[in-house]
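One letter stands for each residue in the lines below.
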Amino acid sequence: EDKVVQSPLSLVVHEGDTVTLNCSYEVTNFRSLLWYKQEKKAPTFLFMLTSSGIEKKSGRLSSILDKKELFSILNITATQTGDSAVYLCAVNNNAGNMLTFGGGTRLMVKP
Amino acid sequence: GAGVSQSPSNKVTEKGKDVELRCDPISGHTALYWYRQSLGQGLEFLIYFQGNSAPDKSGLPSDRFSAERTGGSVSTLTIQRTQQEDSAVYLCASSHTTTGELFFGEGSRLTVL
(Lines give C-alpha, C1' and ligand atoms only; values in the text may rest on other atoms or scores of the structure.)
Protein backbone atom coordinates (compact mmCIF):
# COMPACT_ATOMS: atom_id res chain seq x y z
CA GLU A 1 0.00 0.00 0.00
CA ASP A 2 1.36 3.40 -1.00
CA LYS A 3 2.18 5.71 1.88
CA VAL A 4 3.00 9.43 2.16
CA VAL A 5 4.20 11.09 5.37
CA GLN A 6 4.57 14.84 5.73
CA SER A 7 6.39 16.82 8.37
CA PRO A 8 6.06 18.93 10.34
CA LEU A 9 2.33 18.64 11.00
CA SER A 10 2.16 22.37 11.56
CA LEU A 11 4.45 25.33 11.49
CA VAL A 12 4.18 28.96 12.62
CA VAL A 13 6.61 31.51 11.21
CA HIS A 14 6.82 35.25 10.71
CA GLU A 15 6.74 37.10 7.43
CA GLY A 16 10.10 37.01 5.71
CA ASP A 17 11.14 33.67 7.15
CA THR A 18 12.14 30.74 4.94
CA VAL A 19 10.41 27.40 5.49
CA THR A 20 11.09 23.86 4.36
CA LEU A 21 8.31 21.31 4.24
CA ASN A 22 9.10 17.62 4.03
CA CYS A 23 7.44 14.72 2.29
CA SER A 24 8.60 11.11 2.44
CA TYR A 25 6.93 8.30 0.58
CA GLU A 26 6.73 4.58 -0.03
CA VAL A 27 5.18 3.66 -3.34
CA THR A 28 5.21 0.68 -5.65
CA ASN A 29 6.33 1.71 -9.14
CA PHE A 30 6.70 5.43 -8.52
CA ARG A 31 5.54 7.69 -11.31
CA SER A 32 5.34 11.24 -9.94
CA LEU A 33 5.09 13.36 -6.81
CA LEU A 34 2.85 16.39 -6.64
CA TRP A 35 2.54 19.33 -4.26
CA TYR A 36 -0.74 21.14 -3.66
CA LYS A 37 -1.70 24.22 -1.63
CA GLN A 38 -5.07 24.15 0.16
CA GLU A 39 -6.25 27.44 1.59
CA LYS A 40 -9.95 26.90 2.17
CA LYS A 41 -11.48 24.10 0.18
CA ALA A 42 -10.04 23.22 -3.23
CA PRO A 43 -6.37 22.18 -3.31
CA THR A 44 -4.51 24.05 -6.02
CA PHE A 45 -1.63 22.54 -7.94
CA LEU A 46 1.92 23.72 -7.29
CA PHE A 47 4.44 21.28 -8.73
CA MET A 48 4.77 17.86 -10.28
CA LEU A 49 8.13 16.12 -9.92
CA THR A 50 9.22 13.03 -11.76
CA SER A 51 13.02 13.18 -11.86
CA SER A 52 15.55 13.31 -9.05
CA GLY A 53 17.68 16.36 -8.46
CA ILE A 54 15.86 18.73 -10.80
CA GLU A 55 14.51 21.73 -8.94
CA LYS A 56 11.17 23.13 -9.95
CA LYS A 57 10.70 26.79 -9.16
CA SER A 58 7.79 29.20 -9.20
CA GLY A 59 8.45 32.59 -7.68
CA ARG A 60 9.32 32.14 -4.03
CA LEU A 61 8.41 28.45 -4.06
CA SER A 62 10.68 25.65 -5.13
CA SER A 63 10.70 21.89 -4.81
CA ILE A 64 13.06 19.02 -5.42
CA LEU A 65 12.74 15.25 -5.43
CA ASP A 66 15.17 12.58 -4.23
CA LYS A 67 14.08 9.22 -5.64
CA LYS A 68 16.91 7.38 -3.96
CA GLU A 69 16.02 8.52 -0.46
CA LEU A 70 12.30 8.68 -1.30
CA PHE A 71 11.53 12.21 -0.25
CA SER A 72 10.76 15.66 -1.52
CA ILE A 73 11.01 19.11 0.00
CA LEU A 74 9.03 22.25 -0.67
CA ASN A 75 10.82 25.50 0.10
CA ILE A 76 9.16 28.86 0.52
CA THR A 77 11.43 31.88 0.83
CA ALA A 78 10.48 35.34 2.14
CA THR A 79 7.14 34.03 3.38
CA GLN A 80 4.05 36.20 3.27
CA THR A 81 0.75 35.95 5.15
CA GLY A 82 -0.83 34.77 1.91
CA ASP A 83 1.31 31.65 2.09
CA SER A 84 -0.71 30.49 5.09
CA ALA A 85 -2.36 27.24 4.03
CA VAL A 86 -2.18 23.48 4.27
CA TYR A 87 0.43 22.07 1.91
CA LEU A 88 -0.33 18.61 0.59
CA CYS A 89 2.07 16.13 -0.95
CA ALA A 90 0.83 13.26 -3.09
CA VAL A 91 2.34 10.42 -5.09
CA ASN A 92 1.17 8.67 -8.21
CA ASN A 93 2.19 5.13 -9.12
CA ASN A 94 2.34 3.51 -12.50
CA ALA A 95 -1.16 2.17 -12.16
CA GLY A 96 -2.05 5.83 -12.47
CA ASN A 97 -5.48 5.44 -10.96
CA MET A 98 -5.17 7.79 -8.05
CA LEU A 99 -3.00 10.08 -6.01
CA THR A 100 -2.12 8.98 -2.48
CA PHE A 101 -2.01 12.05 -0.25
CA GLY A 102 -0.09 12.77 2.91
CA GLY A 103 -1.75 14.34 5.91
CA GLY A 104 -0.50 17.80 5.01
CA THR A 105 1.53 20.48 6.76
CA ARG A 106 -0.41 23.44 8.12
CA LEU A 107 1.63 26.61 7.69
CA MET A 108 0.72 29.84 9.43
CA VAL A 109 2.65 32.99 8.54
CA LYS A 110 2.24 35.81 11.05
CA PRO A 111 2.70 39.46 10.13
CA GLY B 1 -16.89 24.58 -17.76
CA ALA B 2 -14.05 26.72 -16.53
CA GLY B 3 -13.42 24.60 -13.49
CA VAL B 4 -14.69 21.59 -11.59
CA SER B 5 -18.12 22.37 -10.21
CA GLN B 6 -19.62 20.59 -7.19
CA SER B 7 -23.03 20.80 -5.59
CA PRO B 8 -24.32 21.26 -3.02
CA SER B 9 -21.55 23.21 -1.33
CA ASN B 10 -23.03 22.37 2.05
CA LYS B 11 -25.41 19.62 3.08
CA VAL B 12 -26.78 18.93 6.53
CA THR B 13 -28.73 15.72 6.92
CA GLU B 14 -30.06 13.43 9.59
CA LYS B 15 -28.52 10.09 10.36
CA GLY B 16 -30.08 7.38 8.22
CA LYS B 17 -30.99 9.61 5.28
CA ASP B 18 -29.55 9.20 1.78
CA VAL B 19 -27.56 11.99 0.13
CA GLU B 20 -26.38 12.68 -3.41
CA LEU B 21 -23.39 14.82 -4.23
CA ARG B 22 -22.79 16.05 -7.76
CA CYS B 23 -19.60 16.79 -9.68
CA ASP B 24 -19.32 18.45 -13.08
CA PRO B 25 -15.70 18.05 -14.29
CA ILE B 26 -13.75 20.26 -16.62
CA SER B 27 -14.91 19.77 -20.18
CA GLY B 28 -12.74 17.26 -22.02
CA HIS B 29 -11.22 15.72 -18.91
CA THR B 30 -11.56 11.96 -19.12
CA ALA B 31 -10.45 11.12 -15.59
CA LEU B 32 -12.65 11.93 -12.58
CA TYR B 33 -11.88 11.27 -8.93
CA TRP B 34 -13.74 11.47 -5.64
CA TYR B 35 -11.81 12.09 -2.43
CA ARG B 36 -12.96 12.61 1.13
CA GLN B 37 -11.34 14.92 3.67
CA SER B 38 -12.27 14.73 7.32
CA LEU B 39 -11.52 17.67 9.61
CA GLY B 40 -7.77 18.21 9.90
CA GLN B 41 -6.98 15.11 7.85
CA GLY B 42 -5.44 14.46 4.46
CA LEU B 43 -7.37 13.38 1.39
CA GLU B 44 -8.75 9.86 1.30
CA PHE B 45 -9.29 8.32 -2.13
CA LEU B 46 -12.79 6.97 -2.78
CA ILE B 47 -13.34 6.18 -6.45
CA TYR B 48 -11.91 6.88 -9.91
CA PHE B 49 -13.46 6.95 -13.38
CA GLN B 50 -11.46 6.90 -16.60
CA GLY B 51 -13.34 7.14 -19.87
CA ASN B 52 -15.52 4.11 -20.50
CA SER B 53 -13.44 1.78 -18.34
CA ALA B 54 -14.83 0.13 -15.24
CA PRO B 55 -14.36 2.48 -12.27
CA ASP B 56 -11.78 1.81 -9.57
CA LYS B 57 -13.94 1.53 -6.45
CA SER B 58 -11.17 0.33 -4.16
CA GLY B 59 -11.41 3.34 -1.85
CA LEU B 60 -15.11 3.21 -1.08
CA PRO B 61 -15.37 2.65 2.70
CA SER B 62 -18.57 0.58 2.67
CA ASP B 63 -21.36 -0.64 0.42
CA ARG B 64 -23.41 2.38 1.49
CA PHE B 65 -21.23 4.41 -0.87
CA SER B 66 -21.68 4.30 -4.63
CA ALA B 67 -20.92 6.54 -7.56
CA GLU B 68 -21.76 6.77 -11.20
CA ARG B 69 -20.65 8.84 -14.11
CA THR B 70 -23.17 9.42 -16.83
CA GLY B 71 -22.12 10.06 -20.41
CA GLY B 72 -18.50 10.31 -19.40
CA SER B 73 -19.08 13.68 -17.78
CA VAL B 74 -21.14 14.45 -14.67
CA SER B 75 -20.68 12.18 -11.67
CA THR B 76 -22.90 11.56 -8.68
CA LEU B 77 -21.67 10.16 -5.36
CA THR B 78 -24.46 8.59 -3.33
CA ILE B 79 -24.26 7.78 0.36
CA GLN B 80 -27.11 5.65 1.68
CA ARG B 81 -28.23 5.50 5.30
CA THR B 82 -25.75 8.18 6.32
CA GLN B 83 -23.82 7.85 9.58
CA GLN B 84 -22.16 10.55 11.66
CA GLU B 85 -18.72 9.32 10.62
CA ASP B 86 -19.61 10.16 7.03
CA SER B 87 -19.36 13.85 7.94
CA ALA B 88 -16.53 15.29 5.85
CA VAL B 89 -15.75 17.42 2.82
CA TYR B 90 -16.17 15.41 -0.36
CA LEU B 91 -13.84 16.65 -3.08
CA CYS B 92 -14.14 15.89 -6.75
CA ALA B 93 -11.23 16.28 -9.16
CA SER B 94 -10.70 15.78 -12.86
CA SER B 95 -7.66 15.52 -15.09
CA HIS B 96 -6.89 15.28 -18.75
CA THR B 97 -4.76 12.20 -18.29
CA THR B 98 -4.08 9.80 -15.45
CA THR B 99 -0.57 11.12 -15.01
CA GLY B 100 -1.24 14.80 -14.95
CA GLU B 101 -2.28 17.24 -12.29
CA LEU B 102 -5.70 16.97 -10.76
CA PHE B 103 -7.98 19.98 -10.76
CA PHE B 104 -10.18 20.04 -7.68
CA GLY B 105 -13.64 21.42 -7.10
CA GLU B 106 -14.55 23.45 -4.04
CA GLY B 107 -15.99 20.39 -2.36
CA SER B 108 -19.29 19.46 -0.73
CA ARG B 109 -19.30 19.71 3.05
CA LEU B 110 -21.53 16.99 4.47
CA THR B 111 -22.70 17.13 8.07
CA VAL B 112 -24.64 14.19 9.44
CA LEU B 113 -26.48 14.97 12.66
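A short tour of the structure in this document, coming up. (Residues numbered from 1 in each chain as written. Chains lettered and ligands numbered in written order. Predicted model: local features only at pLDDT ≥ 70, side-chain atom pairs only at ≥ 80, totals over all residues. Heavy atoms only, no water.)

Some remarks on unusual backbone geometry
- Note that the residue after A:Ser7, namely A:Pro8, is joined by a cis bond; omega there is -10 degrees.
- Position of A:Pro8 relative to the elements: it lies in the loop between β1 (3-7) and β2 (10-14).
- Positioned with a positive phi, A:Leu70 is a non-glycine residue whose angle comes to about 60 degrees.
- Along the polypeptide, A:Leu70 turns up in the loop between β7 (61-66) and β8 (71-76).
- Of the residues examined, A:Leu70 reaches a relative accessible area of 34% and is grouped as partly exposed.
- The residue B:Arg81 is not glycine, and still its phi comes out positive at about 50 degrees.
- Relative to the helices and strands, B:Arg81 resides in the loop between β7 (75-79) and β8 (88-95). (Helix = DSSP H or I, 4+ residues; strand = E, 2+ residues; numbered from the N terminus. Buried < 20%, exposed > 50% of the residue type's maximum accessible area, 1.4 Å probe, protein only.)

Focus: the sheet that holds β1(A)
All names here are of chain A.
- On the basis of which strands lie adjacent, the open sheet formed by five strands has the order β1-β3-β8-β7-β6 and antiparallel pairing. Of all strands in the sheet, those bounded by a partner on one side alone are β1 and β6 (56-58). Neighbour-to-neighbour, the strand axes of this sheet turn through a mean angle of 15 degrees, independent of strand direction.
- Across six bridges, the pairing between β7 and β8 is antiparallel. Bridged to Leu61 within β8 is Ile76. (Pairing = 2+ DSSP bridges. Axes fitted to C-alpha atoms, helices over the stretch in contact; angles between N-to-C directions.)

Some details on the pairing of β8(A)
Residues and elements named next belong to chain A.
- Of all six residues making up β8, five are buried, and the element is well covered by its neighbours.
- Both strand β3 (residues 19-26) and β8 contribute to a ladder of six bridges, which runs antiparallel. If you follow Cys23 over to β8, its bridge partner there is Ser72.
- Between the end of β7 and the start of β8, which pair antiparallel, lie four residues, with Leu70 showing a positive phi angle near 60 degrees.

Some details on the environment of B:Ser95
Residues and elements named next belong to chain B.
- Topologically, Ser95 is positioned in strand β8.
- It is 33 Å that separates the C-alpha atoms of Ser95 and Glu14, two residues lying 81 residues apart in sequence.
- Discounting residues that sit within four places of it in the chain, Ser95 has contacts with His29, Thr30, Ala31, Tyr33, Gly100, Glu101 and Leu102. (Contact = heavy atoms within 4.5 Å.)

Here we look at the interface of chain B and chain A
- Across the contact, 20 residues belong to chain B and 19 residues belong to chain A.
- Put simply, chain B and chain A have three residue pairs in polar contact (both at pLDDT 80 or more) between them.
- When residues of the side of chain B that touches chain A are traced back to their parent elements, those giving at least two are β4 (31-37) and β5 (43-50) of chain B.
- When grouped by side-chain class, the residues that make up the side of chain B that touches chain A number eight nonpolar, nine polar and three charged. (Polar contact = N/O pair within 3.5 Å; in protein donor to acceptor, adjacent residues only side chain to side chain. Nonpolar A, V, L, I, M, F, W, Y, C, P; charged D, E, K, R; others polar.)

Things to note about the packing of aromatic side chains
- If you walk through the whole model with that rule in mind, you get 10 aromatic pairs over all chains.
- Measuring from centroid to centroid gives 5.0 Å for A:Tyr25 and A:Phe30, while their planes differ by 25 degrees, and the two rings are stacked. The residues A:Tyr25 and A:Phe30 share a single accessibility class, namely buried.
- An angle of 90 degrees between the planes, with centres 5.5 Å apart, marks the rings of A:Tyr36 and B:Phe104 as edge-to-face. Taken together, the positions of A:Tyr36 in strand β4 (residues 30-38) and B:Phe104 in strand β9 (residues 103-104) put the pair across two chains. Note on accessibility: A:Tyr36 and B:Phe104 belong to one class, buried.
- Of the aromatic side chains, those joined through ring pairs into one cluster are A:Tyr36, A:Phe45, A:Phe101, B:Tyr33, B:Tyr35, B:Phe45, B:Tyr48 and B:Phe104. (Phe/Tyr/Trp six-rings, centres within 6.5 Å; stacked < 30°, edge-to-face > 60°.)

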